[in-house]
Amino acid sequence: MRSPRQAIRTLLLGLCTLAVSLAVSACAAPSPQALAANDPLEPTNRAIFQVNRLWDRCCLVPTLERYRAWVPAGGRRAIHNFLGNLSGPITLVNDIAQGEPDRGGQTAERFVINSTLGLGGLFDPAGRWGIPPHSEDMGQTFGVWGINEGPYLMIPLLGPSNPRDVAGITANVLLDPTNLIPMKQHLWWASFHQYMVLIDLRSQTLDTLREVERSSVDYYASMRSLYRQVRAEQIRNGKPAPAKDLPDL
Amino acid sequence: MRLTMSLPLIRRAVLGLLACAPLLAAGPAAAAPDPAATFVNDNIQKGLQILNDKQLSQAQKREEFEHFLLGLVDVRRIAVFTLGQYRRTASPADVDAFVAAFRNYAVAAYQSYFARYSSQTLKVTGSTQRAPTDYIVTSEMIDPNDSGGKPPLEVDFRVRTDTGKPVLVDVAVAGVWLSLEQRDQFTAFLGQNNGNVRALIAHLSDLAQNLGKPTQ
């Protein structure tokens, strides 16, 4: 395991490399391959991806390994449930905005049941009673409304995205009711909340992404493809892609 | 009076039922599963059983899974598809070498992907005909150990029946089509390496070897 000093040195080196790469790539015209992949900023995105991987390897993964070692599976599940329940109102607003009253009803039912019988969302009795969880965000709603995703982007520290999802993340922050609760240490709460969301999400995907990295010819391109396909599937609410949209094979 | 009025109605209803009889008889046949759905239903569970078989050693498992997979999958069609636009510029010899390298990679990668679902049960939920010989079969992986009310994992299969015998050409796990993802990777790699298919072949061969080794 890396010492904190080593980790900081590696990260700083990565940031210097990123600055040089950004300066060089800013002058270059996008390649035909990058344009075909809807990734006109590919050189810049790849440089940010490398730094994100360093941040992941040096900071996130060691934290996750401790999180997994210290917090038992039941505790991690309770944290996951709690964070999911906290995002219930955001999901509800998006269900309604997407014209999905049935799914909105499910979200409202889940929120009421889990907030009360589930002890503030730590447990998921609603799931056991046949009301499955689902998640919606403003990025998905913009997609349902027919707004184009725009070019692929790699966001520092956050990972794959696109302009539509960046706008969605911003709108989600504005929608989040926990941000409306007046409290003195609000910044600390908001930072802690987002940090726990990141830890929970990364913890859920740790093994899968290790497998993807291990079996990838080009990990960056693999992540780009996975991100796009997963987001498209989320926008369709899990329904299969229309057969006509699939390429001839 | 009431009886005389209802007799013609009864007669009409009986005649109507008789007229519909051939349609009613044809109903079950029309609802019969298509060959692609039957193919997925009959075969995929066998693959999961191989991966879940505790009696087999890792080497035996790999050998049996390879035999099973190559009997079901049209590897050449998938390999050529994943080359994208570079298929047109690659020499026939390079394409053949690529198909051979892809075969080893695909066996290792698919085994790795599906090993994590080996204890689950596959349930076919539907099938769509995309073209006369092109089907999308939808299914769900049911986890018998899940008690938390998690929705089942959706797995879709793309099946072609060009030669009369159904063959698998793509799999989508939770909406991610593997052939599409592989094409995106391979064409990106080739774009970074001046379209050098031999570099991709060498890289795939190394990957297939590494995937065959146990994880650290």
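Everything below is about the structure printed above this text.
Cut-offs applied
Residues numbered from 1 in each chain as written. Chains lettered and ligands numbered in written order. Predicted model: local features only at pLDDT ≥ 70, side-chain atom pairs only at ≥ 80, totals over all residues. Heavy atoms only, no water. Phe/Tyr/Trp six-rings, centres within 6.5 Å; stacked < 30°, edge-to-face > 60°. Helix = DSSP H or I, 4+ residues; strand = E, 2+ residues; numbered from the N terminus. Buried < 20%, exposed > 50% of the residue type's maximum accessible area, 1.4 Å probe, protein only. Pairing = 2+ DSSP bridges. Contact = heavy atoms within 4.5 Å. Axes fitted to C-alpha atoms, helices over the stretch in contact; angles between N-to-C directions. Core = buried A, V, L, I, M, F, W, Y, C linked by side-chain atoms within 4.5 Å. Polar contact = N/O pair within 3.5 Å; in protein donor to acceptor, adjacent residues only side chain to side chain. Buried area = accessible area lost by both parts, 1.4 Å probe. Salt bridge = Lys/Arg side-chain N within 4 Å of Asp/Glu carboxyl O. Disulfide = S-S within 2.5 Å. Parallel < 35°, antiparallel > 145°, perpendicular 65-115°, else oblique. Left-handed = near helix turned anticlockwise from the far one by under 90°. Expected span 1.5 Å × (residues − 1). Lys, Arg positive; Asp, Glu negative; His and termini not counted.

Visitor: Help me out: how do you make sense of the packing of aromatic side chains in this one?
Guide: Two numbers describe a pair of aromatic rings. These are the distance of the centres and the angle of the planes. Scanning all chains against the criterion turns up 11 aromatic pairs over all chains. Seen from their ring centres, Phe65 of chain B and Phe68 of chain B are 5.9 Å apart, and the 40 degrees between their planes marks the pair as tilted. Within this pair, Phe65 of chain B and its partner Phe68 of chain B are both found in helix 3 (residues 58-72), separated by 3 residues, close to a single helical turn. Taking the relative accessible area as the measure of exposure, Phe68 of chain B reaches 14% and is therefore buried. Put simply, the rings of Phe49, Tyr152, Tyr219, Tyr220 and Tyr227 of chain A pair up and form one aromatic cluster.

Visitor: Help me understand the sheet that holds strand 1 (residues 121-131) of chain B in this model?
Guide: All names here are of chain B. Pairing in this open sheet of 5 strands is antiparallel, and the strands run 1-2-3-4-5 from one edge to the other. One side of each edge strand has no neighbouring strand; the edge strands of this open sheet are strand 1 and strand 5 (176-177). Bridge count between strand 1 and strand 2 (residues 134-142): 9 bridges; the pairing is antiparallel. Looking at the pairing, Ser127 lines up with Val137 of strand 2. Its contacts with the sheet place helix 2 (residues 35-52) against strand 1, strand 2, strand 3 (153-160) and strand 4 (167-173), and it is angled at close to 145 degrees to strand 1.

Visitor: Would you take a moment to explain the nonpolar core for this structure?
Guide: Within soluble globular proteins, side chains that are nonpolar tend to cluster in buried spots. Counting residues in each nonpolar core, the largest one holds 64 residues, and the members touching the most others are Phe98, Phe102, Tyr105, Phe157, Val171, Leu200 and Leu204 of chain B. The element contributing the most residues to this core is helix 5 (residues 92-115) of chain B, with 13 residues. Ignoring any residue separated from it by four or fewer positions in sequence, one finds Leu204 of chain B in contact with Val217 of chain A together with Phe98, Ala101, Phe102, Tyr105 and Phe186 of chain B. Met154, Leu209, Val212 and Tyr219 of chain A belong to the second largest nonpolar core, which has 12 residues in total.

Visitor: Got a minute to help me understand the side chain of Arg160 of chain B in this structure?
Guide: For Arg160 of chain B, the location among the structural elements is in strand 3. What makes Arg160 of chain B buried here is its relative accessible area of 11%. Here the side chain of Arg160 of chain B touches Leu249 of chain A through a polar contact of 2.9 Å, landing on its backbone oxygen. Sequence-distant contacts of Arg160 of chain B, that is, excluding residues within four places in its chain, are made with Leu249 of chain A together with Arg77, Thr133, Asp134, Lys165, Pro166, Val167 and Val169 of chain B.

Visitor: Looking at this model, I keep getting lost on the environment of Ser31 of chain A. Mind explaining?
Guide: Of note, Ser31 of chain A is situated in the loop between helix 1 (4-27) and helix 2 (32-36). Residues Ser31 of chain A and Pro247 of chain A lie 216 residues apart in sequence; the distance between their C-alpha atoms is 23 Å.

Visitor: Which parts of the structure should I look at to understand the interface of chain A and chain B?
Guide: Accessible area lost upon the coming together of the parts serves often as the stated size of an interface. Contacts between the two partners involve 32 residues from chain A, matched on the other side by 45 residues from chain B. For the pair chain A and chain B, the two sides together bury roughly 3200 Å², of which 54% comes from carbon and sulfur. It is Arg214, Val217 and Leu249 of chain A in chain A that bury the most area against chain B; as a group they hold 28% of the surface buried on that side. Between the two partners, chain A and chain B, sit 1 salt bridge. A salt bridge links Asp248 of chain A to Arg130 of chain B; the nearest nitrogen and oxygen atoms lie 3.1 Å apart. Counting across the chain A and chain B interface gives 15 residue pairs in polar contact (both at pLDDT 80 or more). At the level of elements, helix 3 (42-70), helix 7 (125-128), helix 10 (186-214) and helix 11 (219-235) of chain A are the ones that each hand at least two residues to the side of chain A that touches chain B. Looking at the side of chain A that touches chain B element by element, the count peaks at 8 residues for helix 11 of chain A.

Visitor: What is the right way to look at the state of the cysteines in this model?
Guide: Each disulfide consists of one covalent bond between the sulfur atoms belonging to two cysteines. Residues and elements named next belong to chain A. Tallied over the entire structure, the rule returns 0 disulfides over all chains. Of the cysteine sulfurs around Cys58, a residue in no disulfide, the closest is that of Cys59, at 5.9 Å. Relative accessible area serves as the criterion here: at 8%, Cys58 is assigned to the buried category. With relative accessibility at 24%, the residue Cys59 sits in the partly exposed group.

Visitor: When you look at the packing of helix 4 (residues 75-82) of chain B against helix 5 of chain B in this model, what are you seeing that I'm missing?
Guide: A pair of packed helices is characterised by two quantities: the angle between their axes and the separation of those axes. Residue and element names in this part refer to chain B. Where helix 4 meets helix 5, the closest approach of the two axes is 9 Å, and the angle between their N-to-C directions is 110 degrees. Accordingly, the angle class assigned to the pair helix 4 and helix 5 is roughly perpendicular. Handedness of the helix 4/helix 5 crossing: right-handed. Of helix 5, the residues touching helix 4 (which contributes Val75, Arg76, Ile78, Ala79, Val80 and Thr82) are Val95, Asp96, Phe98, Val99, Phe102 and Arg103.

Visitor: Is there a simple way to think about helix 6 (residues 101-116) of chain A in this case?
Guide: Note on helix geometry: an α-helix contains 3.6 residues per turn, so any two residues three or four positions apart are oriented the same way. End to end, helix 6 of chain A covers 23 Å across 16 residues, agreeing with the expected 22 Å (1.5 Å per residue, within 8%). Within helix 6 of chain A, burial applies to Arg103, Gly104, Thr107, Arg110, Ile113 and Asn114 of chain A.

Visitor: Help me out: how do you make sense of the side chain of Asp200 of chain A in this one?
Guide: As for its position among the elements, Asp200 of chain A is in helix 10. This buried residue, Asp200 of chain A, is left without a salt bridge; Arg76 of chain A holds the nearest opposite charge, at 7.7 Å.

Visitor: Please clarify how the pattern of salt bridges should be interpreted in this entry.
Guide: Once the charged atoms of two side chains with opposite charge are near each other, the side chains can pair. Applying the stated rule across the entire model yields 24 salt bridges over all chains. The partner of Asp124 of chain A in a salt bridge is Arg110 of chain A, and the shortest N-O contact between them spans 3.1 Å. One end of the pair, Asp124 of chain A, is in the loop between helix 6 and helix 7; the other, Arg110 of chain A, is in helix 6, and 14 residues separate them in sequence. By relative accessible area, Arg110 of chain A is classed as buried at 14%. A salt bridge links Asp245 of chain A to Lys244 of chain A; the shortest N-O distance between them is 3.3 Å. Overall, Lys244 of chain A belongs to the exposed group, its relative accessible area being 70%. Through salt bridges with shared partners, a single network forms among Asp248 of chain A together with Asp74, Arg77, Arg130, Asp134, Arg158, Arg160 and Asp162 of chain B.

That's the geometry; what it means functionally is another story.
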